[in-house]
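A look at the structure
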Amino acid sequence: MEQQQLRKLEATCIQEESPQCSAACPIHIDVRAFMACLAGKDWRGARRVLDRTMPFADIVGRICDEPCRQACKRSEIGDPLAVHRLERFCVTTQPMVLRSPRLPAKGGSVAVIGSGLAAMTAALDLARKGRTAVMLTSDEQIGGSLRQYAEEMLPAQVLAVGVETLYSYGVILHFGCSLNQEFLATVRQDHDAVFLDRDCRGLATLAVDCTQPDPVTLAIGLDGCFAGGGSTANGFSVMKQVEDGRRAALSIERYLQKVSLTAQREREGVCPTRLFTQIAGIPPLSEVLPADPAAGYTAREAVAEAARCIQCECMECVKQCAFLQEFNDYPKRLVRKIYNNEAIVQGTRTANKMINSCMLCGQCTVICPHDFPLNTVCRTTRANMVASATMPPSAHEFALQDMEFSLGTFAALARHQPGRDSSRLLFFPGCQLAGSAPQTVEQTYLHLTRHLDGGVGLMLGCCGIPAHWSGRQELFHRTMQTLVAEVGRLGDPLIVTACSSCYTVFKEFAPQLTVQSLWQLLDKMELPANAAAPPQPMAIHDPCTVRHEPQIRASVRNIIKKIGISTEEHPYAGELTDCCGYGGLMQFANVPLGEKAARAKARRSECDGLAYCAMCRDNMAATGRRVAHLLDYLFPAASRQDPLLRPNPGFSGRHENRARLKQHLLTTLWQEEPPMNPAHKEIKLVIAPQLMELLDKRHILEDDIRKVIGQAEQSGRRLVDPENGHFLASYRPVRVTYWVEYQPGRQGFIVHNAYSHRMILPGEAK
Amino acid sequence: MSTFSFISETAWRCASCNKELHPRKVNVEYMGSVFNVELMVCPVCGFVLIPENLALGKMLEVEQLLEDK
Ligand code: SF4
Ligand code: SF4
Ligand code: SF4
Ligand SMILES: [Zn+2]
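Note that the coordinates shown come from a computational prediction; the quantities given were computed from them, not determined experimentally.

1. Here we look at the layout of surface pockets
Quantified by volume, the largest pocket comes out at close to 1200 Å³. If you trace the largest pocket, you find 43 residues lining it, with F398, R698, H699, V736 and R758 of chain A closest to the centre. For the lining of the largest pocket, the secondary-structure elements that each account for two or more residues are α15 (352-355), α18 (397-407), α26 (586-589), α27 (591-602), α32 (702-715) and β18 (749-757) of chain A together with α2 (58-67) of chain B. When residues in the lining of the largest pocket are grouped by element, the largest group, 6 residues, is from α18 of chain A. When grouped by side-chain class, the residues that make up the lining of the largest pocket number 17 nonpolar, 11 polar and 15 charged. As for the second largest pocket, its lining consists of 33 residues, of which A622, N648, G650, E693 and D696 of chain A are closest to the centre. At the level of secondary structure, the elements contributing two or more residues to the lining of the second largest pocket comprise α27, α28 (614-622), α30 (650-668), α31 (689-697) and α32 of chain A. Sorting elements by how many residues they give to the lining of the second largest pocket places α30 of chain A first, with 8 residues. Among the residues making up the lining of the second largest pocket, the classes are represented as 12 nonpolar, 10 polar and 11 charged.

What follows is the structure, encoded as structure tokens:
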């Protein structure tokens, strides 16, 4: 990933933008954090938030005119937060927690004319930066207009603390100065820069026009002179004084450093924010009013009011995606991690697992207000990893071997309809439907051949999407080329896909093929007469690959309606649908997360589930959900058992099913000899269902176990436990060493356990 | 090269040699890295035992670390 691309992506995710309140605060107080502290009774924390940004918090906190309030998101669902009242509560009950440090003196003397809040702020900020700040005022006290506040709003004693603060940072104060025509000239001679606080009596007598300072820098006509503060057409705003004082201090600092006064100041003062916060579903709440308005909030009232803050943030994608939740981060930070991961030359690439755990499903892109394309980022990164040989071999190997099997001698098949030598259509059930429900594939195929003219060919295989998802570009293109050639050999018929992954892959990567979804085809055909609808309402689980295929989704719903299944829609269907964990091969690269994703998808509805992707169906079934495949109801003859209870076949089961399907169809439909099985296939195994489930999670196939036992029985190389007569043997067919604990039994070899590792033992082939 | 030891008493015996397993240092390898480890081995034919907890524990951990290097 190029740095420029990273920047662009980072800017797309607006999760880190300011909430509306801070954006509308002229000095960007972290109101959200302030509210969180108060709501959690962390009084010191709340005060720390103010101390960090607010000058003279004891003063300003008492009289802040809360420009943030009218921007508060809460006003769309109730009243805006009573920010000022809470600030007042905070500074009147909790003394200062954080005293900002004063940087070492670095020369440069600045005169601050006037003693209002703008002057005070400018003097304080400059003194903190290590500049000599000299306050010159005609008054006898500081505060300017602040002195007009009633004693109970702003006690004189608190203003006096302000003076102490200025002294403590080394600000020099001169009261009772006489402002006259020569005054400014003398001051400019004695100092390097000047700030004029317009909230100062007698400013008019100075020979300078302070009425129109530059809005960004506050510079006025005279070199090194800046002006701000005071009343505007809108009256006197406390926060305006603070803003101007701070802005002027920054300008003066830049002026003294002889750098640009204007560069990169867009985010100073009130600024726009792009933060999106979903408020649907948040109940409206009105403002908590203090029982005694004069006394302000009690602690209890303050907590209740602060708790109304919705803690504005986006996180919309994270709220729905099991992967983002697992890695507990939002896309902006994840792309940074991905970028850093790619940049590592020597050392551990800690983000590999994360990159391989995205389901590439695109849900986040649909949810995101700015269409963040995390799936594209993760997929291209995987391709880069493969190209640079940094892809962890174990992440996708098992899935790719599964694909190889589907495309191999024992599972793949391409034929015209029996008795014909041309095909108008070509049924492509896909590897997973063949693995999950071979009889349904047969029934569906027979239905198509009986009801459609022009010949319906059959192609068993795999569309190659596992290669694409795992970043194996070359393998993917090779697979696609072979497939296109094969379809060409059959006369380029219209491909009919049962799996929407195959559909989208063909559409995107083989535009020369014509493709239609089985669902769109069935929708236009007469449906099987014996299609059986269960009585209860069902929840449709759209697969993630139809997210952008509204017509397929509509056809599916038409068919469901026609066969009389009543459905209950839930919000995470259609465009927003979840991935079951198969997408992006996530369930292979991150087994526990795969289960979580399947569970999350399954939990979207209380009704029995109705899927139309074999992988969705099986993955949800594996979590214990009652879920059927739509074809189970269209072709009920295929399965005698309740389709809702059909178990997940597991990886071994799928291999078995694909091989049997080919064998069965070859012999029954085409009267051909099926391919010969290798010798180890004859080994009979007895495996308890629970162990079977465990082996599935460990990615160990029955076939691997057969190879281990075959090898051990033939060579005699194995361990034995004399206590129970179990054997333990190992074998490394290619890149994984499998260990099997077993025992000969009457029905076959009883398997007690199996596990594997990738490390190479002495004597094993590399 | 430092040696890690993963020896523990075991009921498994070599079936073909009819021998108890004994601790022995052997080299295991992954992604080009070689480790000298002490494992339970048949003293006659050299059959190396990798117990389940080692394969799915420490060994897996090291494999994944090497894959991310
Ligand atoms: S609800 Fe809270 S975080 Fe959101 S704008 Fe209002 S104060 Fe700020
Ligand atoms: S799994 Fe899907 S929703 Fe989650 S980050 Fe990846 S593409 Fe987005
Ligand atoms: S939806 Fe996700 S990616 Fe988009 S802005 Fe919000 S947090 Fe960022
Ligand atoms: Zn031996």
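2. Topic: the domain arrangement of chain A
Residues and elements named next belong to chain A. Annotation of chain A at the domain level lists domain 1 (18-97 + 276-306), domain 2 (109-257), domain 3 (316-390), domain 4 (397-521 + 651-664), domain 5 (538-648) and domain 6 (679-757). For domain 3 versus domain 4, the distance between C-alpha centres works out to 30 Å. Across the boundary between the two partners, domain 3 contributes 5 residues, which contact 6 residues of domain 4. Here domain 3 and domain 4 share 0 salt bridges between them. The tally of links between domain 3 and domain 4 comes to 3 residue pairs in polar contact (both at pLDDT 80 or more).

3. Remarks on the site of ligand 1
In the vicinity of ligand 1, the contacting residues are C21, V31, R32, C72, K73, C309, I310 and C312 of chain A. Partitioning the shell around ligand 1 into residue classes produces 6 nonpolar, no polar and 2 charged.

4. A few points about the environment of E342 of chain A
All names here are of chain A. Turning to its location among the elements, E342 is positioned in helix α14 (residues 331-343). According to the relative accessible area criterion, E342 is partly exposed, its value standing at 27%. As a C-alpha pair, E342 and M385 span 43 residues in sequence and 8.0 Å in three-dimensional space. Once you skip the residues sitting within four places of it in the chain, E342 turns out to touch M1, T381 and N384. A polar contact of 2.9 Å, which involves the side chain of E342, links it to the side chain of N384.

5. What to know about the packing of helix α1 (residues 3-12) of chain A against α14 of chain A
All names here are of chain A. Closest axis-to-axis distance for the α1/α14 pair is 9 Å, and the angle between their directions is 165°. One element, α1, and the other, α14, form an angle in the roughly antiparallel class. The two elements α1 and α14 meet at a crossing, and its hand is right-handed. Where α1 abuts α14, its residues Q3, L6, R7, L9 and E10 lie against K332, V335, R336 and Y339.

6. Observations concerning the coordination of the zinc ion (ligand 4)
All names here are of chain B. Protein coordination at the zinc ion (ligand 4) comes from C14 (SG), C17 (SG), C42 (SG) and C45 (SG), with a distance range of 2.2 to 2.3 Å. Each of the 4 donor atoms around the zinc ion (ligand 4) contributes to a set of angles spanning 104 to 113°, which defines the coordination as tetrahedral. Taken in sequence order, the residues that donate to the zinc ion (ligand 4) follow the motif C-x2-C-x24-C-x2-C. Of the two residues, C17 is situated in the loop between β2 (13-14) and β3 (19-20) and C45 in the loop between β5 (33-41) and β6 (48-49); the sequence distance between them amounts to 28 residues.

What counts and how
Counting starts from 1 at the beginning of each chain's written sequence and moves along it residue by residue. Each chain takes a letter, starting from A, and each ligand takes a number, starting from 1, following the order in which they are written. Confidence filtering applies because this is a predicted model: local features only for residues at pLDDT of at least 70, side-chain atom pairs given and counted only at 80 or more, and all residues used for totals across whole chains, interfaces and linings. Just so you know, side-chain values use all the structure's heavy atoms and leave hydrogens and water out. Any residue with an atom within 4 Å of a point lines the site, the site being either a cavity, points on a 1 Å grid over the protein atoms alone where a 1.4 Å probe fits but cannot get out, or a pocket, an open set with protein on both sides within 12 Å along at least 5 of 7 lines. Grid points are joined across faces, edges and corners, and a volume is the space filled by probe spheres set on the points. Secondary structure elements follow DSSP: runs of H or I no shorter than four residues count as helices, runs of E no shorter than two count as strands, and numbering proceeds from the N terminus. Following the grouping adopted for this structure description, the nonpolar residues are Ala, Val, Leu, Ile, Met, Phe, Trp, Tyr, Cys and Pro, the charged ones are Asp, Glu, Lys and Arg, and the polar ones are all others, Gly among them. As used throughout, domain bounds are those supplied by an automatic or database domain assignment. Contacts are residue-level and defined by heavy atoms, with any inter-residue pair within 4.5 Å sufficient. When a carboxyl oxygen of Asp or Glu lies within 4 Å of a side-chain nitrogen of Lys or Arg, that pair is called a salt bridge. What qualifies as a polar contact is a pair of N or O atoms within 3.5 Å, subject to a donor-acceptor requirement within protein and to the restriction that residues adjacent in sequence count only when both atoms come from side chains. Throughout, the term near means that a residue has one or more heavy atoms lying within 4 Å of the molecule or strand in question. Per-residue accessibility, obtained with a 1.4 Å probe over protein chains only, is compared with the maximum for each type, and a residue is labelled buried under 20%, exposed over 50%, and partly exposed between these values. Axis angles are defined between N-to-C directions and span 0 to 180 degrees, where every axis is a line fitted to C-alpha atoms and, for a helix, only to the segment in contact. Note that the term roughly parallel is reserved for angles under 35 degrees, roughly antiparallel for angles over 145, roughly perpendicular for angles of 65 to 115, and oblique for everything else. Left-handed describes a crossing whose near helix is turned anticlockwise from the far helix by less than a right angle; the clockwise case is right-handed. Note that water is not among the atoms considered, so a metal site may appear incomplete; the donors listed are N, O and S atoms within 2.8 Å of the metal, with 3.2 Å applied to Na, K and Ca. Only four donors with every angle between 85 and 135 degrees are called tetrahedral; only four or six donors with opposite donors over 155 degrees apart and all others between 65 and 115 are called square planar or octahedral, in that order; all others are irregular.

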